[in-house]
Amino acid sequence: MNLICVIDKKTNGIGYKNDLLVRLKNDMIYFKNVTTKTSDDTKKNIVVMGKNTWYSIPKKYRPLTNRINIILSKKSKKKIETEIKKNNYVNTYVYSSPEIFLNNLKKIIYEKIFIIGGESIYNYFIINNLISTLYITEIISNLNLKCDTYLLKIDFSDYNIVSKSSVIIENNCYSPSLESNINEVQYIFICYEKIKQL
């Protein structure tokens, strides 16, 4: 499985008050391209998220197009199912736990699985050693961002770097974390693949 997220290099923070740390236009394009691209045109990728991530997506963009949307939530399962039915959302399903989702995977036709957040969903799949590829957008600017959700520390010695972009500089980015615009944000895209054990 694949994990994709934006991380503040300084703190390992990934979010604040159920929102992104910084809204990066190039990262949003990258996210869409990575999670949508398939080698088989007859298949779609799965994006797996918790309820907070689902609700953080603006309603006009829900569900994420050209992907199979999986929401994991026990408390909000019925509420989200009602929303799906009311709006005739396609390729959108709710499971009350990661275990039930994994047990039902064989019923779904898909190409790749991307874990897209939030904190508890990321960390479940990391702890259970289910992540083979990491797509990390690493914010390298020292911005003193406020964070209240974090990605578990990953032992990167278990991974090889497959690709790494040059430093990307984006100007005038809004930060929900700081509730203001940031003049300049520097970040990089890094893709890691887990080293296969012999």
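Anything mentioned here points back to the structure above.
Residues numbered from 1 in each chain as written. Predicted model: local features only at pLDDT ≥ 70, side-chain atom pairs only at ≥ 80, totals over all residues. Heavy atoms only, no water.

The next point concerns the nonpolar core. Residues Val-22, Ile-139, Leu-145 and Val-185 are the most contacted members of the largest nonpolar core, which totals 32 residues. Counting only elements with at least two residues in this core, the list comes to β1 (2-8), α1 (25-36), β3 (45-50), α3 (77-87), β6 (113-117), β7 (133-139), β10 (168-175) and β11 (180-194). It is β11 that contributes the most residues to this core, five residues altogether. Leu-72, Leu-105, Ile-108 and Tyr-122 belong to the second largest nonpolar core, which has 28 residues in total. (Core = buried A, V, L, I, M, F, W, Y, C linked by side-chain atoms within 4.5 Å. Buried < 20%, exposed > 50% of the residue type's maximum accessible area, 1.4 Å probe, protein only. Helix = DSSP H or I, 4+ residues; strand = E, 2+ residues; numbered from the N terminus.)

Scanning the model with the defined rule gives zero disulfides in all. As a non-bridged cysteine, Cys-147 has Cys-5 as the owner of its nearest cysteine sulfur, 12 Å distant. The thiol of Cys-191 is unpaired, and the distance to the nearest cysteine sulfur, on Cys-5, comes to 12 Å. (Disulfide = S-S within 2.5 Å.)

For the rest of this paragraph, the subject is the pattern of salt bridges. Applying the stated rule across the entire model yields three salt bridges. Between Arg-62 and Glu-83 there is a salt bridge, and its shortest N-O distance comes to 2.9 Å. Taken together, the residues span a long stretch of sequence, with Arg-62 in the loop between α2 (51-56) and β4 (67-72) and Glu-83 in helix α3 at a distance of 21 residues. Each member of the pair, Arg-62 as well as Glu-83, carries the same accessibility label: buried. Residue Glu-81 pairs with Lys-77 through a salt bridge whose shortest N-O separation is 2.6 Å. Taken as a pair, Glu-81 and Lys-77 lie in helix α3 at a separation of four residues, close to a single helical turn. (Salt bridge = Lys/Arg side-chain N within 4 Å of Asp/Glu carboxyl O.)

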